[in-house]
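Tertiary structure, described
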Amino acid sequence: MSHKLKIAGWVAIGAVAGALTTVQLQAVARGTLAPLPLEELQQLAAVFGMVKTDYVEPVDEKKLISEAITGMVASLDPHSQYFDKKSFKEFREGTSGRFVGVGIEITMEDGLVKVVSPIEDSPAFRAGLKTNDLITKIDDTNVKGLSINDAVKLMRGEPKTKVLLTIFRKDEDRTFPVTITREEIKTQSVKSRVVEPGYAWVRVSQFQERTIEDFARKVEDLYKTEPNLKGLVLDLRNDPGGLLDAAVALSAAFLPENVTVVSTNGQLEDSKFIYKAIPQHYLRRGGNDPIKRLTENTKGALKRVPLVVIVNEGSASASEIVAGALQDHKRGTIIGSQTFGKGSVQTVRPLGPDTGLKLTTARYYTPMGTSIQGKGIVPDVLVDETLEGNVFAALRTREADLSNSLTNGKDPKATVAPMTDAMRAAEQQRGEDRELARKRLEEEVRKNPGQRLVPEFGTDKDFQLVQAINQLKGRPVMVSKSQTVRTEEKKEN
């Protein structure tokens, strides 16, 4: 980071639902603290004592305190969180792009775990697991009835331990056991391919520690295949966020040196900062700079190639930083749907060797000074996800829908915004749209069990990718006839 921001904690800017992100930031000691509310603290101690002595059965003191901290932090906003030992370990795995397991991407089908694909050179890959294999048992536990998170937890574990998976392979109509030894898995957050001669697609699914190195390597490979690239599509759909420094680095790959990428503003002095497209603002520990290497190896082509960025309601936080920076600097055309709208920064500070606190400490702003909080990035061209429209987009939750979400910071004294007739009508319409989308989803699942309801990103059937290529070629783009921009914000109470 900069000379001002020394490494001592983590700053997270990831979205909700496990999209956790970090970058290092100094934990500043406050010179003076406001007086503690002694009467309220005495009440807390009294309640703790009563629960301890009067509850119907003995309670665990440590669990009581942990739950009290959890509730206090969770009441602030949707993204602040207390990490106990288990969740802190999962957090660090999620941001590093490394975990210990068998190495498969999975989904659920008919209550069973379905293998989307084994990760290359992982234990599952070497054991011969294939796309569309169904996992019916994990050790002695039947998968039927488990959530996908429960299944993941059972398959993860310590390095060099074994897990027995019972596999049903439909195309061979047989069930067989596979014993796999767990090991550290390095996930890939970047995919790429040449769509057609002269045009390429690069997808970033999350901003992790390895993302920028992977991005640089993938794009270098693209340029070896297509040295005269005419256009590039950067796909940030359903990218829930990631490391702030990775977002700055990815933006720097496309932008002129030293321009503003994003700024942050909060109560602490060190949370007020302007991040620019320079190595000092995205390199953590010095060393090799993948963006500099990429620029040299492609002779700066990435800063000139025509660019289209695809976003949707699942594009959040770090991916919104990138889209906002490229949009404000007019570096590319943003197409798709209005993004999630998470414009807050979380600092993650260790409370001990195994626990930590993720606390919202700042809001972030695009280079033009626009807050994304609650609104998100509005594409230059609204494009539906399929030819039939945004089929299930109404079912996706956005930041403004979350309970207790922050304002965008325009007015620190804002309380509850008066509800206008137009706002009531819009909210009612969204409710009706959600119900219609829910019924349609149920009907489609009934008609096509186990099938993808929306084409896979990056394929020939990817409608938005086709429109992105049309945009690059100067051909007509099929603009959405139904999407509307949500402009209202959720206000603090």
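The structure contained in this document is the topic of the report that follows. These numbers were taken from a predicted model, which means no experiment stands behind them.

Within the protein chain one finds 11 helices and 20 strands. For the protein chain, with 493 residues in total, the buried portion stands at 47%. Counting every atom, the protein chain has about 25100 Å² of accessible surface; 53% of that belongs to carbon and sulfur.

Judged from the 6 bridges that link them, strand S4 (residues 104–109) and strand S5 (residues 112–118) form a sheet pairing that is antiparallel. Paired with Met 108 across the bridge in S5 is Val 113. Where S4 folds back onto S5 in an antiparallel hairpin, the turn is made up of 2 residues, including Asp 110, whose phi is positive at roughly 50°.

Now for the nonpolar core. One finds Phe 207, Phe 215, Leu 232, Leu 234, Leu 250, Phe 254 and Leu 302 to be the most contacted residues of the largest nonpolar core, which totals 54 residues. Looking at this core element by element, the count peaks at 9 residues for helix H7 (residues 244–254). By size, the runner-up hydrophobic cluster in this structure holds 19 residues, among which are Ala 124, Met 155, Ile 167 and Val 178.

Summarising burial for strand S16 (residues 307–311): 5 of the 5 residues are buried, a large majority. Burial of S16 is two-sided: the residues Leu 307, Val 309 and Val 311 facing one way and the residues Val 308 and Ile 310 facing the other way are all buried. Sheet topology note: the strand S13 (residues 231–235)/S16 ladder contains 4 bridges and is parallel. In the strand pairing of S16, Val 233 is matched with Val 308. In this structure, S16 lies alongside strand S17 (residues 333–336), joined through 4 bridges in parallel fashion. Paired with Val 311 across the two strands is Gly 336, which belongs to S17. Each parallel crossover has a hand, and for S16 linked through helix H9 (residues 318–328) to S17 it is right-handed.

Considering the arrangement of structural elements, one finds Ser 319 in helix H9. At 2.8 Å, the side chain of Ser 319 and the backbone oxygen of Ala 316 are in polar contact. Ser 319 has contacts with Phe 207, Leu 236, Asp 239 and Gly 241, leaving out every residue within four places of it along the chain.

Our focus in this paragraph is the packing of aromatic side chains. For any pair of aromatic rings, the description rests on two quantities: the centre-to-centre distance and the angle between the ring planes. For the coordinates displayed, the defined rule picks out 3 aromatic pairs. Centre to centre, the rings of Phe 83 and Phe 88 are 5.7 Å apart; their planes meet at 20°, and the pair counts as stacked. The residues Phe 83 and Phe 88 share a single accessibility class, namely buried. Where Phe 273 meets Tyr 275, the ring centres are 4.8 Å apart and the plane angle is 70°; that geometry is what we call edge-to-face. Taken individually, Phe 273 and Tyr 275 each receive the classification buried, so the pair is uniform in this respect. For the cation-ring pair, Arg 174 lies above Phe 176, with the distance from its terminal atom to the ring centre recorded as 4.1 Å. Across the ring face of Phe 457, the terminal group of Arg 237 is positioned such that the distance to the ring centre comes to 4.0 Å.

Take the pattern of salt bridges next. Considering all chains together, one arrives at 15 salt bridges under this definition. Between Glu 220 and Arg 293 there is a salt bridge whose closest N-O contact spans 2.8 Å. Of this pair, Glu 220 sits in helix H6 (residues 211–225) while Arg 293 sits in helix H8 (residues 290–297); the two residues are 73 residues apart in sequence, bridging distant segments of the chain. Glu 220 gets classed as buried once you look at its relative accessible area, which sits at 11%. Note on Arg 293: relative accessible area 28%, which makes it partly exposed. Salt-bridge contacts for Asp 462 lead to Arg 237; the nearest nitrogen and oxygen are separated by 2.6 Å. Residue Asp 462 is located in the loop between helix H10 (421–447) and helix H11 (463–473), and its partner Arg 237 is located in the loop between S13 and H7; the two are separated by 225 residues in the primary sequence. Residue Asp 462 shares its accessibility class with Arg 237, and that shared class is buried. When salt bridges with common partners are traced through the structure, they connect Asp 133, Arg 169, Glu 172 and Arg 174 into a single cluster.

What follows covers the sheet that holds strand S11 (residues 190–196). Backbone hydrogen bonds hold the strands of a sheet together, and the pairing may be parallel or antiparallel. The 6 strands are arranged S11-S12-S13-S16-S17-S20 in an open sheet whose pairing can be described as mixed. The strands lining the two open edges of the sheet, one partner per strand, are S11 and strand S20 (381–382). The sheet contact formed by S17 and S20 spans 2 bridges and is parallel. Each bridged residue has a counterpart across the sheet, and for Ile 335 the counterpart in S20 is Val 381. Those strands touched by H6 are S11, strand S12 (199–204) and S13, and its axis lies near 20° from that of S11. Here H9 sits on the sheet and contacts S13, S16 and S17; the angle it forms with S16, its principal contact strand, is near 140°.

Now for a nonpolar patch on the surface. Taken together, the side chains of Leu 36, Leu 38, Leu 41 and Leu 44 define a hydrophobic patch exposed on the protein surface, amounting to about 410 Å² of accessible area. As for its position among the elements, Leu 44 is in helix H1 (residues 38–54).

Following the sequence through the fold, Lys 272 ends up in the loop between strand S14 (260–266) and strand S15 (273–276). A C-alpha to C-alpha distance of 9.4 Å links Lys 272 and Tyr 364, two positions 92 residues apart in sequence. For Lys 272, the side chain forms a polar contact with the side chain of Asn 265, separated by 3.2 Å. At 2.5 Å, the side chain of Lys 272 forms a polar contact with the backbone oxygen of Gly 266.

Cut-offs applied
Residues numbered from 1 in each chain as written. Predicted model: local features only at pLDDT ≥ 70, side-chain atom pairs only at ≥ 80, totals over all residues. Heavy atoms only, no water. Helix = DSSP H or I, 4+ residues; strand = E, 2+ residues; numbered from the N terminus. Buried < 20%, exposed > 50% of the residue type's maximum accessible area, 1.4 Å probe, protein only. Areas by Shrake-Rupley, 256 points an atom, 1.4 Å probe, with all protein chains shown as cover. Pairing = 2+ DSSP bridges. Core = buried A, V, L, I, M, F, W, Y, C linked by side-chain atoms within 4.5 Å. Right-handed = clockwise from strand over helix to strand, strands pointing away. Polar contact = N/O pair within 3.5 Å; in protein donor to acceptor, adjacent residues only side chain to side chain. Contact = heavy atoms within 4.5 Å. Phe/Tyr/Trp six-rings, centres within 6.5 Å; stacked < 30°, edge-to-face > 60°. Lys NZ or Arg CZ within 6 Å of the ring centre and 35° of its normal. Salt bridge = Lys/Arg side-chain N within 4 Å of Asp/Glu carboxyl O. Axes fitted to C-alpha atoms, helices over the stretch in contact; angles between N-to-C directions. Patch = residues over 30% accessible without salt bridge, like charges linked within 9 Å, V, L, I, M, F, W, Y side chains within 5 Å.

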